[in-house]
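Results of the structural survey
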Amino acid sequence: QVQLVESGGGLVQAGVSLRLSCALSGRTFSSYFMGWFRQAPGKEREFVAAIRWSGGSTNYADSVKGRFTISRDNAKNTVYLQMNSLKPEDTAVYYCAARHVITTRYDYWGQGTQVTVSS
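Residues numbered from 1 in each chain as written. Predicted model: local features only at pLDDT ≥ 70, side-chain atom pairs only at ≥ 80, totals over all residues. Heavy atoms only, no water.

**A few points about the packing of aromatic side chains**
Considering all chains together, one arrives at six aromatic pairs under this definition. Considering the side-chain rings of phenylalanine 37 and phenylalanine 47, the 5.7 Å spacing of their centres and the 75° angle between planes classify their relative orientation as edge-to-face. Placement of the pair is phenylalanine 37 in strand β4 (residues 32–39) and phenylalanine 47 in strand β5 (residues 46–52), with a sequence separation of 10 residues. The buried category is assigned to phenylalanine 37, whose relative accessible area is 11%. Consider the rings of phenylalanine 37 and tyrosine 106, whose centres lie 4.9 Å apart with planes at 80°: the pair is edge-to-face. With phenylalanine 37 in strand β4 and tyrosine 106 in the loop between β9 (92–100) and β10 (108–109), the pair connects residues that are 69 residues apart, well separated along the chain. The same class applies to phenylalanine 37 as to tyrosine 106, namely buried. Joined through ring pairs, the aromatic side chains of Phe37, Phe47, Tyr106 and Trp109 make up one cluster. One Lys or Arg, arginine 45, reaches over the ring of tryptophan 109 and ends 3.8 Å from the middle of that ring. (Phe/Tyr/Trp six-rings, centres within 6.5 Å; stacked < 30°, edge-to-face > 60°. Helix = DSSP H or I, 4+ residues; strand = E, 2+ residues; numbered from the N terminus. Buried < 20%, exposed > 50% of the residue type's maximum accessible area, 1.4 Å probe, protein only. Lys NZ or Arg CZ within 6 Å of the ring centre and 35° of its normal.)

**A word on the sheet that holds strand β3 (residues 18–25)**
Reading across the sheet, the four strands line up as β1-β3-β8-β7 and stay open at both edges, with antiparallel pairing between neighbours. The strands lining the two open edges of the sheet, one partner per strand, are β1 (3–7) and β7 (68–73). Taking each pair of neighbouring strands and ignoring which way they run, the sheet shows an average axis angle of 15°. Bridge count for β7 against strand β8 (residues 78–83) is six bridges, and the pairing is antiparallel. The residue bridging arginine 72 from the neighbouring strand is valine 79, located in β8. (Pairing = 2+ DSSP bridges. Axes fitted to C-alpha atoms, helices over the stretch in contact; angles between N-to-C directions.)

**Describing the side chain of aspartate 90**
Relative to the elements of secondary structure, aspartate 90 occurs in the loop between β8 and β9. A polar contact is formed between the side chain of aspartate 90 and the backbone nitrogen of lysine 87, at a distance of 2.8 Å. Contacts of aspartate 90, omitting those with residues within four sequence positions, involve Arg38, Arg67, Phe68, Ser85, Val115 and Val117. (Polar contact = N/O pair within 3.5 Å; in protein donor to acceptor, adjacent residues only side chain to side chain. Contact = heavy atoms within 4.5 Å.)

**Some remarks on unusual backbone geometry**
One non-glycine residue, asparagine 77, lies in the positive phi region at around 50°. Structurally, the position occupied by asparagine 77 is in the loop between β7 and β8. Taking the relative accessible area as the measure of exposure, asparagine 77 reaches 22% and is therefore partly exposed. Positioned with a positive phi, serine 85 is a non-glycine residue whose angle comes to about 50°. Within the secondary structure layout, serine 85 lies in the loop between β8 and β9.

**So, the pairing of strand β11 (residues 113–118)**
Burial along β11 is one-sided: Thr113, Val115 and Val117 are buried, while Gln114, Thr116 and Ser118, pointing the other way, are not. Note: strand β2 (residues 10–13) against β11, four bridges, orientation parallel. Along β11, the bridge assignment pairs valine 12 with valine 117. Here β9 runs beside β11; their pairing, made up of three bridges, is antiparallel. Bridging across to β11, alanine 92 finds its partner in valine 115.

If you want it as structure tokens, here you go:
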């Protein structure tokens, strides 16, 4: 059974950093893209960042480019989202997700972790 479990969210002040983690289990993800998405209250879920497990290529939403960094640890089977210079508009529930490289749909999702940034 595939499981994605996020952790690391919390309540922080603007300008500080947080690192989210997504622990993966249930299969190998070498042929997958791992993504981070977020959903703010009253808004649609939006893409934040993605990394190809094999090779490590990344891409980011313009809103987080230069502030957030996605990475993965093969040995720990974990994906990270390092978030620096947090802004109140980064407040959202953050979700980890996985999709096979030959598809465009993310099939596996975590339960989400809340990030709240106060001004």
